[in-house]
Amino acid sequence: MTTDTQDLLTIADHTFSSRFILGSGKYSYDLIDAAVTHAKAQIITMALRRTASAEENILNFIPKDVTILPNTSGSSNAEEAIRTARLARELSGSDFIKLEVVPDKKYLMPDNEETVKATEVLAKEGFIVMPYMLPDLNTARRLVDAGAATVMPLAAPIGTNKGLATKDLIQILIDEINVPIIIDAGIGRPSQAAEAMEMGADAIMANTSMATAKDIPLMAEAFRLAVEAGRKAYLAGPGRVIEHGAVASSPLAGVSQKA
Ligand SMILES: CC(=O)[C@@H](O)[C@H](O)COP(=O)(O)O
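This section reports on the structure supplied with the text. Because the structure is a prediction, the values reported are computed rather than measured.

Thresholds applied
Residues numbered from 1 in each chain as written. Predicted model: local features only at pLDDT ≥ 70, side-chain atom pairs only at ≥ 80, totals over all residues. Heavy atoms only, no water. Helix = DSSP H or I, 4+ residues; strand = E, 2+ residues; numbered from the N terminus. Rg over C-alpha atoms; globule rule 2.2 N^0.38 Å. Buried < 20%, exposed > 50% of the residue type's maximum accessible area, 1.4 Å probe, protein only. Contact = heavy atoms within 4.5 Å. Lys, Arg positive; Asp, Glu negative; His and termini not counted. Charge placed at Lys NZ, Arg CZ, Asp CG, Glu CD. Salt bridge = Lys/Arg side-chain N within 4 Å of Asp/Glu carboxyl O. Near = heavy atom within 4 Å. Polar contact = N/O pair within 3.5 Å; in protein donor to acceptor, adjacent residues only side chain to side chain. Areas by Shrake-Rupley, 256 points an atom, 1.4 Å probe, with all protein chains shown as cover. Nonpolar A, V, L, I, M, F, W, Y, C, P; charged D, E, K, R; others polar. Phe/Tyr/Trp six-rings, centres within 6.5 Å; stacked < 30°, edge-to-face > 60°. Lys NZ or Arg CZ within 6 Å of the ring centre and 35° of its normal.

This part is about the overall build of the protein. Scanning the protein from N- to C-terminus turns up 8 helices and 10 strands. Over its C-alpha atoms the protein spans a radius of gyration of 20 Å, differing by no more than 12% from the 18 Å that the globule rule assigns to 259 residues. Each of the three principal axes of the protein carries a C-alpha extent, and together these read 80 × 40 × 40 Å. Expressed as a percentage of its 259 residues, the buried residues of the protein come to 47%. In the protein, the share of contacts with a sequence separation of at least 24, taken over all contacts with a separation of at least 6, comes to 62%. Computing the positive centroid from 25 side-chain charges and the negative centroid from 32, the protein places the two 4 Å apart.

This is how it looks when you write it as structure tokens:
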């Protein structure tokens, strides 16, 4: 894999050259514009409630060539999420669904069990299900068995900008799960996005880190560069780490060892 044109993100049978996805939550025209223009996002999530009123209809701000990823935010259990997903498909005409089942209002932790239940139903109905989850290998396997098109583990709680708090658990998913792993929530800095991509994540979803930056377009560009750099480093195959001692980086043979 040596050229950018060959390195596409594939979700179900859809391909994308960008591996940065704009998450939902803090929406503004500036944020969407920066995500598309400077971060080169080709997928933007959309909460159903943000399409509810004509004045605030987020669909009006999203360019036509960008894939809308409706989400089920606000759902506390599988039943609510399934209902929201069906409505979202009616409104957006998109089979994509970012499945969010979040009963906990303090830490906004997803309910993995309810998420598996909703995935089973929605995948059978032809949705391209992209479930948000607390990184856990057994749940990820169940999601894939249930028909999930991707798995979206959280890096840290939504909106915290704390970075890769769940790094080791995410690495297990990257190593063991055969659908795209998209890191979602908590990515606060481009360096954290680059690290996740170097680990082998397939894409990054973020919102708050850009929305809360002083210069949103500049931060969007920084995210694009970081995601691309991390991906290239992953494909390049990072060199090994020496845990103890040191290894001279240039051969010492033939060099005088005198002080
Ligand atoms: C589940 C959820 O709401 C996230 O996808 C959010 O859109 C992005 O999380 P951050 O705002 O922490 O980047």
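This paragraph deals with the pattern of salt bridges. Scanning the model with the defined rule gives 12 salt bridges in all. Put simply, K117 and E114 hold a salt bridge, and the shortest N to O gap is 2.6 Å. Of this pair, K117 and E114 both sit in helix α3 (residues 112-124), 3 residues apart, roughly one helical turn. We note a salt bridge from R141 to E176, for which the minimum N-O separation is 3.9 Å. With R141 in helix α4 (residues 137-146) and E176 in helix α5 (residues 167-176), the pair connects residues that are 35 residues apart, well separated along the chain.

Structurally, T45 is set in strand β4 (residues 43-47). Look past the residues within four positions of T45 in its chain and what remains in contact with it is L22, G23, S24, Y27, L69, N71, K98 and M205.

Our next topic: the site of the ligand. Around the ligand, the structure places 14 residues, and the nearest of them are S24, G159, D184, N207 and T208. A distance of 2.9 Å is found between an oxygen atom of the ligand and a backbone nitrogen or oxygen belonging to G186. Burial of the ligand by the protein amounts to 96% of the accessible area it has alone, namely 360 Å². For the shell around the ligand, the per-class residue count stands at 5 nonpolar, 6 polar and 3 charged.

Working definition: an aromatic ring pair is given by the centre-to-centre distance plus the angle between the planes. Counted according to the given criterion, the structure contains 2 aromatic pairs. Plain terms: the ring middles of F16 and F96 are 6.5 Å apart, the flat faces sit at 65° to each other, and that makes the pair edge-to-face. Remark: F96 occurs in strand β6 (residues 96-99) and F16 occurs in strand β2 (residues 14-16); sequence separation between them is 80 residues. Plain terms: the ring middles of F20 and F223 are 5.7 Å apart, the flat faces sit at 45° to each other, and that makes the pair tilted. Within this pair, whereas F20 is found in strand β3 (residues 20-22), its partner F223 is found in helix α8 (residues 216-236), the two being separated by 203 residues in sequence. By the burial criterion, F20 is buried, and F223 matches it. The cationic tip of R89 hangs over the ring face of F127; the distance from NZ or CZ to the ring centre is 3.7 Å. Here the basic side chain of K98 rests over the ring of Y132, its NZ or CZ set 5.3 Å away from the ring centre.

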